[in-house]
Amino acid sequence: MITFENVNKTYDKTKHLALSDVNLNICKGDFVFVVGKSGAGKTTLIKMMLKELDPSEGKIFVDGEDITGIKRRKIPFYRRKVGVVFQDYRLLSDKTVYENVAYAMEIIEKKHKDIKEKVPEALKMVGLSHREKYYPDQLSGGEQQRVSIARAIINDPKIIICDEPTGNLDPKTSVGIMKLLKDINDRGTTIIMATHDREIVNRMQSRVITLHGGKVIGDKKGGYDYEDSHI
Ligand SMILES: Nc1ncnc2c1ncn2[C@@H]1O[C@H](COP(=O)(O)OP(=O)(O)OP(=O)(O)O)[C@@H](O)[C@H]1O
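What counts as what
Residues numbered from 1 in each chain as written. Predicted model: local features only at pLDDT ≥ 70, side-chain atom pairs only at ≥ 80, totals over all residues. Heavy atoms only, no water. Near = heavy atom within 4 Å. Polar contact = N/O pair within 3.5 Å; in protein donor to acceptor, adjacent residues only side chain to side chain. Areas by Shrake-Rupley, 256 points an atom, 1.4 Å probe, with all protein chains shown as cover. Nonpolar A, V, L, I, M, F, W, Y, C, P; charged D, E, K, R; others polar. Pairing = 2+ DSSP bridges. Helix = DSSP H or I, 4+ residues; strand = E, 2+ residues; numbered from the N terminus. Contact = heavy atoms within 4.5 Å. Axes fitted to C-alpha atoms, helices over the stretch in contact; angles between N-to-C directions. Domains from an automatic or database assignment. Buried area = accessible area lost by both parts, 1.4 Å probe. Salt bridge = Lys/Arg side-chain N within 4 Å of Asp/Glu carboxyl O. Parallel < 35°, antiparallel > 145°, perpendicular 65-115°, else oblique. Left-handed = near helix turned anticlockwise from the far one by under 90°.

Caption draft 1: Broad picture of the site of the ligand. Lining the immediate surroundings of the ligand are Y11, H16, A18, K37, S38, G39, A40, G41, K42, T43, T44 and H196. Separating an oxygen atom of the ligand from a backbone N or O atom of G39 is a distance of 2.8 Å. Within the side chain of T44, one N or O atom sits 2.5 Å away from an oxygen atom of the ligand. Relative to its unbound accessible area of 630 Å², the ligand is 59% covered by the protein chains. Its residues assigned to classes, the shell around the ligand shows three nonpolar, seven polar and two charged.

Caption draft 2: Region of the structure containing the sheet that holds strand β4 (residues 57-62). Read across the open sheet, the four strands follow the order β2-β1-β4-β5; overall the sheet is antiparallel. Looking at the sheet topology across the chains shown, the edges are occupied by β2 (19-26) and β5 (65-66). Pairing between strand β1 (residues 2-9) and β4: five bridges, direction antiparallel. Looking at the pairing, I2 lines up with V62 of β4. Strands β1, β2 and β4 of the sheet are contacted by helix α1 (residues 42-49), whose axis makes an angle of about 125 degrees with β1.

Caption draft 3: Region of the structure containing the domain arrangement of the protein. In terms of domain boundaries, the protein breaks down into domain 1 (1-81 + 159-226) and domain 2 (91-156). Domain 1 and domain 2 are separated by 24 Å when their C-alpha centres are compared. With both sides pooled, the region where domain 1 packs onto domain 2 buries about 960 Å², and carbon together with sulfur makes up 77% of that total. The largest share of the area that domain 1 buries against domain 2 comes from R80, I177 and L180, three residues that together contribute 46% of it. Counting across the interface, domain 1 meets domain 2 through zero salt bridges. Between domain 1 and domain 2 we count one residue pair in polar contact (both at pLDDT 80 or more) in total. Looking at which element gives the most residues to the side of domain 1 that touches domain 2, the answer is helix α6 (residues 171-186), with seven residues.

Caption draft 4: The arrangement of the packing of helix α5 (residues 141-153) against α6 in detail. Relative orientation of the contacting elements α5 and α6 amounts to 15 degrees, with a least axis distance of 10 Å. Accordingly, the angle class assigned to the pair α5 and α6 is roughly parallel. By crossing handedness, the relation of α5 to α6 is classed as right-handed. Contacts from G142, Q145, R146, I149 and I153 of α5 reach α6 at T173, G176, I177, L180, L181 and I184.

Set out below in structure tokens:
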């Protein structure tokens, strides 16, 4: 589903490699954590999957397509395959919960009838049917993150990429968000999640890709229990 082949990234030609010879293969339906200390390259890796950054060298394939070669005008079509969840939710403050989720369908010109049918379904899935008419600033952090997850799934992406989705949430709320992401994964959506949260990684016992200094230094199923002292 996602393949990195010999990917290198330098932001500045005179500086070090932000990613160095990264080779990865993520399969359909995987739940993958990307971990590593600050500056390890997690965000760089994620931005490449979103086609916000291109590798300096190497290739990235997503769902059989070489995304390094996609023309600029085709990028919005590529991004429809990928849902995104950020640490800071990124909801539109002047739109209600319903409107925030509906907007993701409106911008790709989905029919009004489909929007009316699908948005309530997505809000039900994330447990927020009763908050449809609320604005983001009337919601807790956990509720705002649920809205952003509803927005991420509304166009049925094959992949959801999460950058520190629990970074602003307390442990109990984080557990609820992880349960929701696991439910979405159980329905067949591939999930890639960058996180610093060891407890969550240990609890999930899923695949963990560890980056250090831009290199993949670990890739195995289990917890965040690397012997490597600098992680
Ligand atoms: N726009 C940029 N220009 C120059 N260097 C950058 C840029 N963005 C990131 N870097 C460098 O690339 C390396 C990897 O950064 P990246 O943001 O991917 O790490 P990260 O693991 O996501 O860190 P964090 O956990 O703090 O978000 C770091 O050395 C960083 O300084």
